[in-house]
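In case you want the letters, here they are:
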Amino acid sequence: MSKIRNGRRRWRHPRFPLILVSSRCSMVPYPLCFATMRNMGRLFNTIAAEGTVSIFVLVFNRAMNTARILSHPSGLRYRDMNSKKTSKMPDSTPRSASSAAGEPPSASKKTRSVGRLLLGGVILIVLLIVGLGMYWSIQPKPFDVIANVKERAGSDAITGDGRESLATVSGDIYVSTAIKVAETLLKKPGGFIKNDMLPPGVLIDNMPNWEYGVLTELRDSVRSLRNEFSRSQSQSIESDALKRADSDFAFSSDAWFLPSAEEMYKDGVKQLEDYLKALMNKDSNAGFFERADNLMRHLQVVEKRLGSYGQQLAASVGDPALASTLEGKDSEAIEKTVEDAAAAAPVVLERTPWTRVDDVFYQARGYSWALLHSMQAIEVEFRKVLKDKNAEISMQQIIRELEKAVVRKYSPMVLNGHGFGVLANHSLILASYMGRANAAVIDLRQLLERG
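All of these numbers come straight from a predicted model, not from anything done at the bench. (Residues numbered from 1 in each chain as written. Predicted model: local features only at pLDDT ≥ 70, side-chain atom pairs only at ≥ 80, totals over all residues. Heavy atoms only, no water.)

(A) Focus on the packing of helix α7 (residues 206-229) against helix α9 (residues 261-280). Packing of α7 against α9 brings their axes to within 13 Å, and their N-to-C directions diverge by 35°. Handedness of the crossing formed by α7 with α9: left-handed. Residues Leu215, Arg219, Val222 and Leu225 of α7 lie in contact with α9, whose contacting residues are Tyr265, Leu272 and Tyr275. Of the residues assigned to the contact of α7 with α9, the class counts are six nonpolar, no polar and one charged. (Axes fitted to C-alpha atoms, helices over the stretch in contact; angles between N-to-C directions. Helix = DSSP H or I, 4+ residues; strand = E, 2+ residues; numbered from the N terminus. Left-handed = near helix turned anticlockwise from the far one by under 90°. Contact = heavy atoms within 4.5 Å. Nonpolar A, V, L, I, M, F, W, Y, C, P; charged D, E, K, R; others polar.)

The following block contains the structure:
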């Protein structure tokens, strides 16, 4: 609704106070008319007088006035500096018959059309980047290690079903699982994006941290395979394929050119495939020794990783007592800590900055995802050792806790609540699962050592 008073057009909203939106137009070939300083002063005076007027209403009325002007490009009004009378903008060029017929569009219409096309293109590109980023950030689902080894080594690579399944060739399940984890890292939607330099990969934050967690566990598995599982004794000659694979996966994950991280990791996968073929062909230079001491040394590394991630996750709330509880220490270690508490220096736990809470969370999720498959492969490879040591229950508990740690997260963001507040704390939930898994790893290691 509008009202003309003293030659000035004022817009009045039926439900809001009077707002001055008139603007002084200049003789320029642009459809938009910018408000003069005097009109801006009137707007501020109106805001000061009407305390209930919101900024949204001001913007809305300004948009209505602009839309009115743009809807009549041939009838733009301007105000004479020395007169209050409004008149139509003089037409400098006479209208020809073709322009009167509406055949060629005016320059202002062309400008607006180009602007709309550019704006539409920008919006489309932004939506495409956001959509790809959301799709690339989906965590891959866990895979079946038994089905994976049958696909790579044949259906006769496994004997038995379920908990009674055994590997026909020692080491083929563990190596096949490591290959599948590495391939998932490289071939998932978007590929390996931690070293991306262009959008949407460079704009994604969660998935690169998840990839780093998976890569951490993959490096530990390959190194244990090189130093522990593939050697019968300390004086044994190490495998050249495993040595090159360990070197390839230790390459920096941020490298993107000459060579890139993907190239090195693909070469590491190739080296593991060569070692798997050597195992299946019963090559004398390739072996996999299922001994309790080998597994115990590998579990020591796993124990330290789980304890470190548990501490970082618990530090999201900065509670030292909670962090020590989620660390997963065994009973003897706790008793020893209590006895030496008087002499020990106080532990200062720095709270994780809120900008890194999601980084630590997704790194721990990626490590748990890869460790789940590694433990499932170890359960089959070392079934006889676990049965002799009465450690099957501990291994099953590790797998059960890791399965809960990698359950799909439906929240679009990592919540960091505290106590029994309204918001949950995803870091503490994940830390509880990893802490129980760490406690089971400690029990398993002790059974292998003493059982």
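Here the narrative resumes.
(B) Examining the pattern of salt bridges more closely. For the structure shown, the criterion picks out 14 salt bridges. The partner of Arg226 in a salt bridge is Asp246, with the nearest N and O atoms 2.8 Å apart. Here Arg226 is found in helix α7, whereas its partner Asp246 is found in helix α8 (residues 240-249), with 20 residues between them in sequence. The buried category is assigned to Asp246, whose relative accessible area is 6%. A salt bridge links Glu303 to Arg445; the nearest nitrogen and oxygen atoms lie 2.9 Å apart. Placement of Glu303 in helix α10 (residues 292-314) and of Arg445 in helix α16 (residues 426-450) is noted, with a sequence separation of 142 residues between them. Among the residues examined, Arg445 registers a relative accessible area of 15% and is labelled buried. Members of the salt-bridge network, linked through shared partners, are Arg223, Arg226, Glu238 and Asp246. (Salt bridge = Lys/Arg side-chain N within 4 Å of Asp/Glu carboxyl O. Buried < 20%, exposed > 50% of the residue type's maximum accessible area, 1.4 Å probe, protein only.)

(C) Examining the packing of helix α15 (residues 392-405) against α16 more closely. The contact between α15 and α16 brings their axes to 8 Å, and the two run at 165°. For the element pair α15 / α16, the angle class is roughly antiparallel. Between α15 and α16 the crossing geometry is left-handed. Two secondary-structure elements touch here, α15 through Ser394, Met395, Gln397, Ile398, Glu401, Leu402, Lys404 and Ala405 and α16 through Leu430, Tyr433, Arg436, Ala437, Ala440, Val441, Asp443, Leu444 and Leu447. Along the lines of polarity and charge, the residues of the contact of α15 with α16 split into 11 nonpolar, two polar and four charged. (Parallel < 35°, antiparallel > 145°, perpendicular 65-115°, else oblique.)

(D) Unusual backbone geometry, seen in detail. Here the amide bond leading from Pro199 into Pro200 is cis, since omega sits at 5°, within 30 degrees of zero. Turning to its location among the elements, Pro200 is positioned in the loop between α6 (172-187) and α7. Phi at Asn390 is positive, roughly 55°, even though this residue is not glycine. Note that Asn390 resides in the loop between α14 (383-388) and α15. On the accessibility criterion, Asn390 (66% relative accessible area) is exposed.

(E) Spotlight on the packing of aromatic side chains. Following the criterion strictly, the structure yields 12 aromatic pairs and no others. Here Phe143 and Trp369 contribute two aromatic rings whose centre-to-centre distance is 6.1 Å and whose plane-to-plane angle is 70°, an arrangement assigned as edge-to-face. Here Trp369 lies in helix α13 (residues 357-381) and Phe143 lies in the loop between α4 (107-136) and α5 (145-153), a separation of 226 residues in the sequence. Across the pair, exposure class does not vary: Phe143 and Trp369 are buried alike. Aromatic side chains Phe192 and Tyr265 sit 5.6 Å apart centroid to centroid with 85° between the ring planes, which places their arrangement in the edge-to-face category. Here Phe192, found in the loop between α6 and α7, pairs with Tyr265, found in helix α9; they are 73 residues apart in sequence, far enough to count as distant. Residue classification places Phe192 among the buried residues on the basis of a relative accessible area of 3%. (Phe/Tyr/Trp six-rings, centres within 6.5 Å; stacked < 30°, edge-to-face > 60°.)

(F) Representation of the nonpolar core in the model. Formed by 84 residues in total, the largest nonpolar core has its most connected members in Leu225, Leu272 and Met375. At 14 residues, α13 tops the list of elements feeding residues into this core. The contacts of Met375, once residues within four sequence positions are left out, are Leu299, Val302, Met395, Ile398, Ile399 and Leu402. (Core = buried A, V, L, I, M, F, W, Y, C linked by side-chain atoms within 4.5 Å.)

(G) Molecular detail of α9. Relative to the 28 Å expected for 20 residues at 1.5 Å per residue, α9 spans 29 Å between its end C-alpha atoms, a close match to the ideal helical length. Buried within α9 are the following residues: Ala261, Glu262, Met264, Tyr265, Gly268, Val269, Gln271, Leu272, Tyr275, Leu276, Ala278 and Leu279. Contacts made by the buried residues of α9 are with α6, α7 and α8. Looking at the residues trailing α9, positive phi occurs at Lys282, about 60°. (Expected span 1.5 Å × (residues − 1).)

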